[in-house]
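Architecture at a glance
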Amino acid sequence: QVQLVESGGGLVQPGGSLRLSCAASGFTLDYYAIGWFRQAPGKEREGVSCISSSDGSTYYADSVKGRFTISRDNAKNTVYLQMNSLKPEDTAVYYCATDLVSSWCPIEYDYWGQGTQVTVSS
């Protein structure tokens, strides 16, 4: 059974850091691109970052460039999102996803985790 499980969310003050994890089971993460998304209350879901499996290329939304870093540990079947210099506007539920087809970052994703809440507030 294909499963993605996010963890690592929580409450952090502005300027703080969190590291989110996306643990995969039921498939080998090595072969597929993994994306991170977020959705804030009342807003549409937005893409945050993606990492390919083909050459490790990474992509970031302009709003997080220079602050967030995506990485993967194939031995642990896990993708991480290191989030630094967090801002209140980063508050959202964060999801990881894959399409189980593409090694390059796709446009559409078919498999999603349940999400982890990130709240940035003083």
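Described in the following lines is the structure provided in the data block. (Residues numbered from 1 in each chain as written. Predicted model: local features only at pLDDT ≥ 70, side-chain atom pairs only at ≥ 80, totals over all residues. Heavy atoms only, no water.)

1. A short note on the pairing of strand E9 (residues 92-98)
- Where burial is concerned, most of E9 is hidden: six out of the seven residues are buried.
- Across five bridges, strand E4 (residues 34-39) lies against E9 in antiparallel orientation. Within E9, the residue paired with Gly-35 across the bridge is Ala-97.
- As defined by bridge partners, E9 adjoins strand E11 (residues 116-120) across three bridges and the pair is classed as antiparallel. Residue Tyr-94 lies in a different strand from E11, and its bridge partner there is Thr-116. (Buried < 20%, exposed > 50% of the residue type's maximum accessible area, 1.4 Å probe, protein only. Helix = DSSP H or I, 4+ residues; strand = E, 2+ residues; numbered from the N terminus. Pairing = 2+ DSSP bridges.)

2. Notes on the packing of aromatic side chains
- On inspection of all chains with the given rule, the structure shows five aromatic pairs.
- Aromatic pair Tyr-31 and Tyr-32: ring centres 6.3 Å apart, planes at 85 degrees, arrangement edge-to-face.
- Between the aromatic rings of Phe-37 and Tyr-109, the centroid separation amounts to 4.9 Å while the plane-to-plane angle is 80 degrees, which identifies the pairing as edge-to-face. On the criterion of sequence distance, the pair formed by Phe-37 in strand E4 and Tyr-109 in the loop between E9 and strand E10 (111-112) is long-range, its members being 72 residues apart. In this pair, the class of Phe-37 matches that of Tyr-109, namely buried.
- Site record: aromatic cluster; members linked through ring pairs are Phe-27, Tyr-31 and Tyr-32. (Phe/Tyr/Trp six-rings, centres within 6.5 Å; stacked < 30°, edge-to-face > 60°.)

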